[in-house]
Amino acid sequence: MSKIIIVTDSNSGISKEEAEKIGVVVIPMPFFIEGKTYYEEISLSQEQFYQMLVTGKSISTSQPSIGEICALWDKLLEEYDEIVQIPMSSGLSMSCETAMSFSQEKEYLGKVHVVNNMRISVTQRQSVYDALKLVKEGKTGAEIKSILENDALNSSIYITVQDLKYLKKGGRITPAAAAIGALMGIKPVLQIQGKKLDAFKKCRGMKAGKSMMISAAKNDIKNRFGNDNSKIHIAVAHSNNEEEAKMFLEEIKKEIPNAKDYYIDHLSLSVSCHIGPGSLAIALCKDLEK
């Protein structure tokens, strides 16, 4: 049986401590902040990131260099037979397609399997745990890649944004729309289903936004995920507002009882830099079907 290592990136929300505990490798994602490169969890903590964000620093996402990725692969292949790498969605970053392209080079072909299953943040995290289960079951790297990619659309994320200025700054809404929305207390609800972060609906206030997200989640469970709560992993993700996330989770447990599991996590910084602090999300993943 092949010796397989699972690799992901910090967009999954898996910390260095958690990675060491479960036996995976996490690539720290780089950010450009005021012209300087920072690496998540190495030179950039959650607290530092949000402090820079709220004070108006210029923040943009980046990707590790292919030289860094190949050097990591070379090192891991000295100990392991195969690598299964689960990067963030190809629709949100070029890092997935870049890694997929280089995995076809002669020295990596059949040894490095890059999974393009269109996940990000807490749904990407679930894919890592699914991959670990598949390794224990004796699946090959190619089989794990195929199973995870076939399962790609069995997840959803809905996000309610607290402050419109970050969407305006990123060009996702016009300055006029942001001004009117702020005046009227409009909170956009965004969705990630598949490749991209898209608009879903608009509502008045965070309370209405949370209600809308729960309704959307219930609809997905009924119409997309087999109408069985016991097969659904549910996460509440937040951008630096954990106490509110805890209260939201209690609401969800009442509305969607008996899920397979519930947990709270941070939204990945790569998402948070576009939507700002104070945002809340509900994420669903259907239990993996092989």
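Report on the accompanying structure. Just so it is clear, the model here is predicted, and its values are computed rather than measured. (Residues numbered from 1 in each chain as written. Predicted model: local features only at pLDDT ≥ 70, side-chain atom pairs only at ≥ 80, totals over all residues. Heavy atoms only, no water.)

### Quick word on the overall build of the protein
A count of helices and strands for the protein gives 11 helices and 13 strands. Here the protein holds 290 residues, and the buried ones make up 50% of them. Sequence separation of at least 24 residues holds for 74% of the intrachain contacts in the protein that already meet a minimum separation of 6. A total accessible area of about 13500 Å² is found for the protein, and carbon and sulfur atoms account for 50% of it. (Helix = DSSP H or I, 4+ residues; strand = E, 2+ residues; numbered from the N terminus. Buried < 20%, exposed > 50% of the residue type's maximum accessible area, 1.4 Å probe, protein only. Contact = heavy atoms within 4.5 Å. Areas by Shrake-Rupley, 256 points an atom, 1.4 Å probe, with all protein chains shown as cover.)

### Brief notes about the nonpolar core
In terms of nonpolar packing, the biggest core is built from 22 residues, with I234, F248, I252, I282 and L284 touching the most fellow members. Every element with two or more residues in this core is listed here: α9 (205-223), β11 (232-238), α10 (242-255) and β13 (280-286). Element by element, the count of residues in this core is highest for α9, at six residues. The residues contacting F248, other than those within four sequence positions of it, are K210, M213, I214, V236, L280, A281 and I282. In terms of nonpolar packing, the next biggest core, distinct from the first, is built from 17 residues, I192, Y263, L267 and I275 among them. (Core = buried A, V, L, I, M, F, W, Y, C linked by side-chain atoms within 4.5 Å.)

### Re unusual backbone geometry
Positive phi values are uncommon outside glycine, yet M118 reaches one of about 60°. Of note in the backbone geometry, N227 takes a positive phi value of approximately 60° without being a glycine. What makes N227 exposed here is its relative accessible area of 53%.

### What to know about the side chain of E40
Checked against the element boundaries, E40 lands in the loop between β4 (36-39) and α2 (46-54). Buried and without a salt bridge, E40 has K16 as its closest oppositely charged side chain, separated by 11 Å. If sequence neighbours within four positions are ignored, E40 has contacts with S10, P28, M29, F31, Q46 and L269. (Lys, Arg positive; Asp, Glu negative; His and termini not counted. Salt bridge = Lys/Arg side-chain N within 4 Å of Asp/Glu carboxyl O.)

### Details of a negative patch on the surface
Among the surface-exposed residues, D74, E78, E105 and E107 lie close enough to one another that they form a single negatively charged patch. As for its placement among the helices and strands, E78 is situated in the loop between α3 (66-76) and β6 (82-86). The exposure class of E78 is exposed, given its relative accessible area of 71%. (Patch = residues over 30% accessible without salt bridge, like charges linked within 9 Å, V, L, I, M, F, W, Y side chains within 5 Å. Charge placed at Lys NZ, Arg CZ, Asp CG, Glu CD.)

### Observations regarding the sheet that holds strand β5 (residues 59-61)
Strand pairing in a sheet relies on backbone hydrogen bonds. The paired strands run either parallel or antiparallel. Here three strands make up an open sheet; going across it, the order is β4-β3-β5 and the pairing antiparallel. Of all strands in the sheet, those bounded by a partner on one side alone are β4 and β5. Strand-to-strand twist of the sheet, defined as the mean angle between neighbouring strand axes without regard to direction, takes the value 30°. The pairing of strand β3 (residues 30-33) with β5 spans three bridges and is antiparallel. (Pairing = 2+ DSSP bridges. Axes fitted to C-alpha atoms, helices over the stretch in contact; angles between N-to-C directions.)

### Digging into the sheet that holds strand β1 (residues 4-9)
Strand order in the open sheet formed by four strands is β2-β1-β6-β7, and the pairing between neighbours is parallel. Among the strands making up the open sheet, the edge pair consists of β2 (25-27) and β7 (112-114). Geometrically, the sheet is characterised by an average inter-axis angle of 25° between neighbouring strands, direction not taken into account.

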